Amino acid sequence: MESNNVHYVQLGEDSSPKLERFQKVSVIPLVFLIFYEVSGGPFGVEDSVMAAGPLLALIGFLFFPFIWSIPEALITAEMGTMFPENGGYVVWVASALGPHWGFQQGWMKWLSGVIDNALYPVLFLDYLKSAIPALEGGFPRILAVLLLTTALTYMNYRGLTIVGRVAIVLGVFSLVPFALMGLIAIPKLKPWRWCMVDLKNVNWGLYLNTLFWNLNYWDSISTLVGEVEDPGKTLPRALFYALILVVFAYFFPLLIGTGAAPVHRELWSDGYFSVIAKLIGGVWLRTWIQGASAVSNMGMFIAEMSSDSFQLLGMAERGMLPEIFARRSQYGTPLVGILFSASGVILLSWLSFQEIVAAENFLYCFAMIMEFIAFVKLRMQYPEAIRPYKVPLGTVGAIFLCIPPTLLILVVLALASPKVMAISVIAVLIGFFIQPCMTYAEKRQWFRFSMSSDLPDILSASADPQHNES
């Protein structure tokens with residue numbers, strides 16, 4: 001804690017290296033960063049078959065994107081290019097609803113992102129425990145989580161361009177074995193298995209949570225738009241390419257896995273694709289799938305941590321967090337944000353897979369509702385504001401675009417267990433306590449708070465909102 005004699009500065013005076021030194025992210029690395037923010041491959045979708053059977057699992061991953069993924073990606077493309085700075089959805093909500101709700105948005109999304117990131121060491125070890133039984137529990141598992149988190153955190157520290165290049169390599173390595181499995185499985189396919197369904201034996205909560213978790217987080221990339229090369233063109237293109245890649249990466253392996261191997265629903269849990277790979281191609285393919293899962297979780301971890309840490313940097317540049325969160329390392333990365341996010345991952349890594357998914361989904365739902373409200377309100381109040389990409393819908397169309405995902409959010413919230421609901425509500429309320437503490441600390445000048453002088457004032461360029469057409 002700093003002394004009360006501290007003074008306020010404009011970010012960029014002495015708080016970080018010159019940003020011109022750091023290379024911006026281009027479209028291909030951005031595609032794979034989005035891919036890992038959202039998906040990372042089919043690892044973790046196995047529960048959809050256990051919950052609802054092959055038919056509903058395939059239908060879900062084919063049609064769910066139209067209800068959720070496409071609307072969220074479109075909104076991200078418009079809002080992310082409208083506000084081309086780090087912070088993303090925090091800036092959108094703050095601009096539409098005020099800084100108080102912007103802070104709450106930042107708290108909920110950062111916490112849900114950290115919860116989501118705590119899942120990846122769990123999945124990583126679940127795929128390896130069949131080959132290394134010692135990783136199933138106890139001290140070896142704890143040590144493995146700590147070592148993995150430390151190594152991947154260091155990679156984030158070394159720079160976003162490195163993370164983007166690594167994401168490309170990991171993505172190719174993770175997806176190639178499923179393409180090979182599909183080719184080998186062709187003679188073994190039995191299409192009738194794809195139609196297996198038992199509507200009386202469906203775990204709707206697990207089914208919807210699995211779909212929702214695997215197809216959300218399209219907006220996460222918005223928190224580092226300030227690091228993207230020509231975001232007005234690059235972001236929409238990258239979101240479009242990533243959407244195609246994600247849907248294909250889910251649907252094709254499920255099609256092969258349920259069609260080429262006997263369907264025993266009770267066996268379809270996280271890690272089961274490696275078992276199917278052995279049945280179809282042998283030990284070598286199972287080993288590759290297990291390795292692909294390991295590196296896929298690495299990709300998801302570094303992509304999510306990049307988003308979480310740059311969100312904190314963006315909030316500090318907007319004066320919502322102490323100025324120290326906006327300071328960059330010699331590699332241009334937000335060091336304090338990275339350390340905060342890594343600490344949260346370690347603290348939450350003891351949760352089980354399904355507990356992590358349910359808690360993350362619940363917090364994410366609250367935050368997404370505010371994003372939809374901000375999207376519609378900014379459309380109505382500032383129709384003339386510059387939008388390099390604009391969803392080709394009017395104000396009424398923008399409202400209707402948000403209705404299906406909002407209804408889905410209400411269903412996901414209703415299906416949450418009392419335990420998850422109670423924990424999530426407490427987590428939300430903590431944000432209402434933290435924000436006044438930040439305001440008090442700013443008034444007492446216990447920490448340095450700053451507004452970056454480089455941030456564009458997007459909304460002031462539009463006409464007076466009182467004279468705009470809604």
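Residues and numbers for the pattern of salt bridges, please.
Opposite charge on two side chains allows them to pair when their charged atoms are near. The final tally for this structure, using the stated rule, is eight salt bridges. Across the pair R387 and E78 runs a salt bridge, and its minimum N-O distance is 3.1 Å. Residue R387 is found in the loop between α13 (353-381) and α14 (395-414), and its partner E78 is found in helix α3 (residues 69-82); the two are separated by 309 residues along the sequence. Assessed through its relative accessible area of 0%, E78 is described here as buried.

I'd like to hear about the confidence of the model for the protein, residue by residue, with values.
Here the protein shows a mean pLDDT of 85. Residues at 70 or above account for 88%. Residue range residues 1-18 is modelled with pLDDT below 50. Its contacts to residues more than four positions away, or to other chains, number 41 contacts.

Hey, could you go over the side chain of N214 for me, with residue numbers and the actual values?
With respect to the helices and strands, N214 occurs in helix α8 (residues 204-214). You can call N214 buried: its relative accessible area is 1%. Dropping the residues within four chain positions of it, N214 is found in contact with V38, F43, G44, V45, F61 and Y250.

Go over the packing of aromatic side chains with me, naming the residues and quoting the values.
One pass over the structure, following the stated rule, counts 23 aromatic pairs. Ring geometry for W204 against Y207: centres 5.8 Å apart, planes inclined by 75°, an arrangement best described as edge-to-face. Of the two residues, W204 and Y207 both sit in helix α8, three residues apart, roughly one turn of that helix. What makes Y207 buried here is its relative accessible area of 6%. Counting every residue linked through ring pairs, the aromatic cluster contains F43, F178, W268, Y272 and F273. Over the aromatic face of Y89 sits the side chain of K109, whose NZ or CZ is 3.8 Å from the ring centroid.

How would you summarise the nonpolar core if you had to cite specific residues and measurements?
Formed by 143 residues in total, the largest nonpolar core has its most connected members in I34, W68, M181, W218, F273 and F375. Top contributing element to this core by residue count: helix α11 (residues 283-317), with 15 residues. Not counting residues up to four positions away in its chain, the partners in contact with F375 are I75, E78, M79, V391, A398, L401 and C402.

Would you mind going over α11 in detail, with residue names and values included?
When the terminal C-alpha atoms of α11 are compared, their 51 Å separation across 35 residues agrees well with the 51 Å that a helix rising 1.5 Å per residue should span. Buried residues dominate α11, accounting for 28 of its 35 residues. Phi for G319, located one or two positions after α11, is positive at around 80°.

Can you lay out the environment of E78 for me, pointing to particular residues and giving the numbers?
Expressed as a C-alpha distance, the spacing of E78 and G232, which sit 154 residues apart in the sequence, is 8.9 Å. Discounting residues that sit within four places of it in the chain, E78 has contacts with F375, R379, R387, Y389, K390 and V391. Only 3.1 Å separates the side chain of E78 from the side chain of R387, close enough to count as a polar contact. Only 2.9 Å separates the side chain of E78 from the backbone nitrogen of V391, close enough to count as a polar contact.

Describe the environment of G182, and please don't skip the residues or the numbers.
Mapped onto the fold, G182 is located in helix α7 (residues 160-185). Classification of G182 by relative accessible area gives buried; the value is 4%. Between the alpha carbons of G182 and F252 there is a distance of 7.9 Å; along the sequence they are 70 residues apart. When near neighbours in sequence (up to four residues on either side) are disregarded, G182 contacts F252 and I256.

Criteria and cut-off values
Residues numbered from 1 in each chain as written. Predicted model: local features only at pLDDT ≥ 70, side-chain atom pairs only at ≥ 80, totals over all residues. Heavy atoms only, no water. Salt bridge = Lys/Arg side-chain N within 4 Å of Asp/Glu carboxyl O. Helix = DSSP H or I, 4+ residues; strand = E, 2+ residues; numbered from the N terminus. Buried < 20%, exposed > 50% of the residue type's maximum accessible area, 1.4 Å probe, protein only. pLDDT = per-residue confidence, 0-100. Contact = heavy atoms within 4.5 Å. Phe/Tyr/Trp six-rings, centres within 6.5 Å; stacked < 30°, edge-to-face > 60°. Lys NZ or Arg CZ within 6 Å of the ring centre and 35° of its normal. Core = buried A, V, L, I, M, F, W, Y, C linked by side-chain atoms within 4.5 Å. Expected span 1.5 Å × (residues − 1). Polar contact = N/O pair within 3.5 Å; in protein donor to acceptor, adjacent residues only side chain to side chain.

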